[in-house]
Amino acid sequence: MKKARTWVLLALLALGVVAAAVILSGATAADSAYLPGLLQTDGFPKGCVDCHKVDGKNDYRITKYLPKDHPDVGKLATIPNDCASCHKKGGAGPELPAVMHLSHYQNTEKNGFVLYYKGACLNCHTVDVKTGRVSVKSGAKNW
Ligand code: HEC
Ligand code: HEC
Ligand code: HEC
């Protein structure tokens, strides 16, 4: 009887050690990195327009976020590629990467992109793990 109780105690102790080790080491592949398209399903495979869209009563389309005095973007077809017709070196507007990276990463403590979308590069970019090439997702305009 006494022997059996000792074994139970030992078994519980061993279980405790294993549990503690798991808790202390913590990290698993799933929670160590947020890499949509690589580790998680990509909720925004078309990039900009998959996130900036009409969602129920809310209109998050890009046109709602442009400065008031911004030139008309009605004729554009593919986003963000066509934005670069003006947003390029020597173009009418500031270069696109700078505009995008600034708007989605400045004031991190209250930036919606950082707060609600984990600020992931892979919300806008894709990386081809066979070639190592990084590109920008794109999609048809939704306005
Ligand atoms: C995963 C979601 C997501 C994706 C993808 C995304 N955005 Fe955004 N974007 C946001 C959020 C959230 C904000 C900030 C809204 C806020 O905090 O008011 C924002 C802000 C903006 C703004 C406003 C900038 C400013 O200075 O106020 C523009 C313009 C914009 N995005 C364009 C784009 C374009 C173009 C792309 C594609 C290259 C893109 N976004 C991709 C979520 C996204
Ligand atoms: C016909 C030219 C043209 C096209 C096309 C264009 N832009 Fe612009 N954009 C400008 C000019 C010029 C400015 C600077 C003047 C202003 O702020 O209104 C600007 C400013 C901006 C700004 C403010 C940047 C800052 O630093 O204040 C954002 C954000 C922006 N554009 C996003 C976009 C996005 C996203 C697209 C594509 C959907 C786009 N633009 C397409 C010409 C263009
Ligand atoms: C909101 C969308 C968005 C997010 C988020 C984003 N990028 Fe970009 N990035 C772009 C766009 C659009 C371009 C321009 C592509 C083009 O001109 O072909 C670009 C271009 C670039 C370039 C090449 C041009 C340059 O700036 O030298 C690099 C490098 C880059 N991104 C790195 C990053 C990294 C690192 C992150 C995450 C920290 C990130 N990007 C997050 C939209 C984004």
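Please refer to the structure placed before this passage.
A short tour of the structure in this document, coming up. Each chain carries its own residue numbering, running from 1 in the direction its sequence is written. Here chains are named by letter from A upward and ligands by number from 1 upward, in the order in which they appear as written. Residue-level local features of this predicted model are given only where pLDDT is at least 70; pairs of side-chain atoms are given and counted only at 80 or more, and the full residue set underlies all totals for whole chains, interfaces and linings. The side-chain numbers reported here are obtained from all heavy atoms of the structure, hydrogens and water having been left aside.

**What about the site of ligand 3?**
Thought 1: For each residue, the test is whether any non-hydrogen atom lies within 4 Å of the molecule or strand; if one does, the residue is near. Near ligand 3 lie 13 residues; those nearest to it are His101, His104, Cys121, Cys124 and His125.
Thought 2: Take His101: an N or O atom from its side chain is 2.8 Å from a nitrogen atom of ligand 3.
Thought 3: Each polar contact in these results corresponds to two N or O atoms within 3.5 Å; when the atoms are within protein, one needs to be able to donate a hydrogen and the other to accept it, and residues that are neighboring in sequence are counted only if both atoms are side-chain atoms. A distance of 2.7 Å separates a nitrogen atom of ligand 3 from a polar side-chain atom of His125.
Thought 4: If you map ligand 3 onto the pockets, it falls in the second largest pocket.
Thought 5: Of all the elements, helix α4 (residues 96-105) adds the most residues to the shell around ligand 3, at 6 residues.
Thought 6: Just so you know the grouping, Ala, Val, Leu, Ile, Met, Phe, Trp, Tyr, Cys and Pro go in nonpolar, Asp, Glu, Lys and Arg go in charged, and all remaining residues, Gly too, go in polar. Split into classes, the residues belonging to the shell around ligand 3 amount to 10 nonpolar, 3 polar and no charged. A pocket here means an open set of points on a 1 Å grid, computed over the protein atoms alone, that has protein on both sides within 12 Å along at least five of seven lines. A cavity is instead a set of points where a 1.4 Å probe fits but cannot get out; residues with an atom within 4 Å of a point line either one. Any molecule with more than half of its atoms within 2 Å of a cavity's or pocket's grid points is regarded as sitting in that cavity or pocket. The way it works is that DSSP assigns letters per residue, a run of H or I at least four long becomes a helix, a run of E at least two long becomes a strand, and they are numbered from the N terminus.

**Observations regarding the coordination of the iron atom of ligand 1**
Thought 1: Distances from the iron atom of ligand 1 to its protein donors, His52 (NE2) and His104 (NE2), fall at 2.0 Å.
Thought 2: For the iron atom of ligand 1, the 6 donor atoms in the first shell make angles of 87 to 179° at the metal, a pattern classed as octahedral. Linking His52 in the loop between α3 (48-51) and β1 (54-55) with His104 in helix α4, this pair joins segments that are 52 residues apart in sequence. There is no split in this pair, since His52 and His104 are both buried. Here the coordinating atoms are restricted to nitrogen, oxygen and sulfur within 2.8 Å of the metal centre, or 3.2 Å for Na, K and Ca, and because water is not among them the sites may look incomplete. Sites are called tetrahedral only when four donors show all angles between 85 and 135 degrees, square planar or octahedral only when four or six donors show opposite pairs over 155 degrees and all other angles between 65 and 115, and irregular in any remaining case. Summary of the burial criterion: residues with accessible area below 20% of their type's maximum are buried, those above 50% are exposed, and those between are partly exposed, where the area comes from a 1.4 Å probe applied to protein chains only.

**What about the site of ligand 2?**
Thought 1: Taken together, 16 residues surround ligand 2, and among them Asp69, His70, Cys83, Cys86 and His87 come closest.
Thought 2: At 2.7 Å, a side-chain N or O of His87 approaches a nitrogen atom of ligand 2.
Thought 3: The pocket occupied by ligand 2, as judged from atoms lying within 2 Å of grid points, is the largest pocket.
Thought 4: For the shell around ligand 2, a count of residues per class yields 11 nonpolar, 4 polar and 1 charged.

**A few points about the pattern of salt bridges**
Thought 1: Note on definitions: salt bridges are taken to be side-chain nitrogens of Lys or Arg within 4 Å of carboxyl oxygens of Asp or Glu. According to the stated counting rule, one finds 3 salt bridges in the structure shown.
Thought 2: The closest approach of N and O atoms between Asp59 and Arg61, which form a salt bridge, is 2.9 Å.
Thought 3: Looking at Arg61, the relative accessible area reads 23%, which means it is partly exposed.
Thought 4: Lys64 is the partner of Asp59 in a salt bridge, and the nearest nitrogen-oxygen pair spans 4.0 Å.
Thought 5: When salt bridges that share partners are traced, they join Asp59, Arg61 and Lys64 into one network.

**Quick word on the layout of surface pockets**
Thought 1: Computed from the structure, the largest pocket encloses a volume of approximately 1200 Å³.
Thought 2: In terms of lining, the largest pocket is formed by 42 residues, of which the most central are His52, Ile62, Tyr65, Met100 and His104.
Thought 3: When residues of the lining of the largest pocket are traced back to their parent elements, those giving at least two are α3, α4 and α5 (112-117).
Thought 4: Met100, His101, Cys124, His125 and Val136 are the residues nearest the centre of the second largest pocket, which is lined by 16 residues in total. Grid points are joined across faces, edges and corners, and a volume is the space filled by probe spheres set on the points.

**What about a nonpolar patch on the surface?**
Thought 1: Residues qualify for a patch when their relative accessible area is over 30% and they have no salt bridge, like charges being joined within 9 Å and the nonpolar side chains of Val, Leu, Ile, Met, Phe, Trp and Tyr within 5 Å. Here the Shrake-Rupley method, with its probe set to 1.4 Å, supplies the accessible areas, and only the displayed protein chains count as covering residues. A grouping of Leu35, Leu38, Leu39 and Val129 is seen on the molecular surface, where their side chains present a nonpolar patch of about 350 Å² in accessible area.
Thought 2: Structurally, Leu35 is set in the loop between α2 (29-32) and α3.
Thought 3: Residue classification places Leu35 among the partly exposed residues on the basis of a relative accessible area of 32%.

Function cannot be read off these values alone, since they describe shape.
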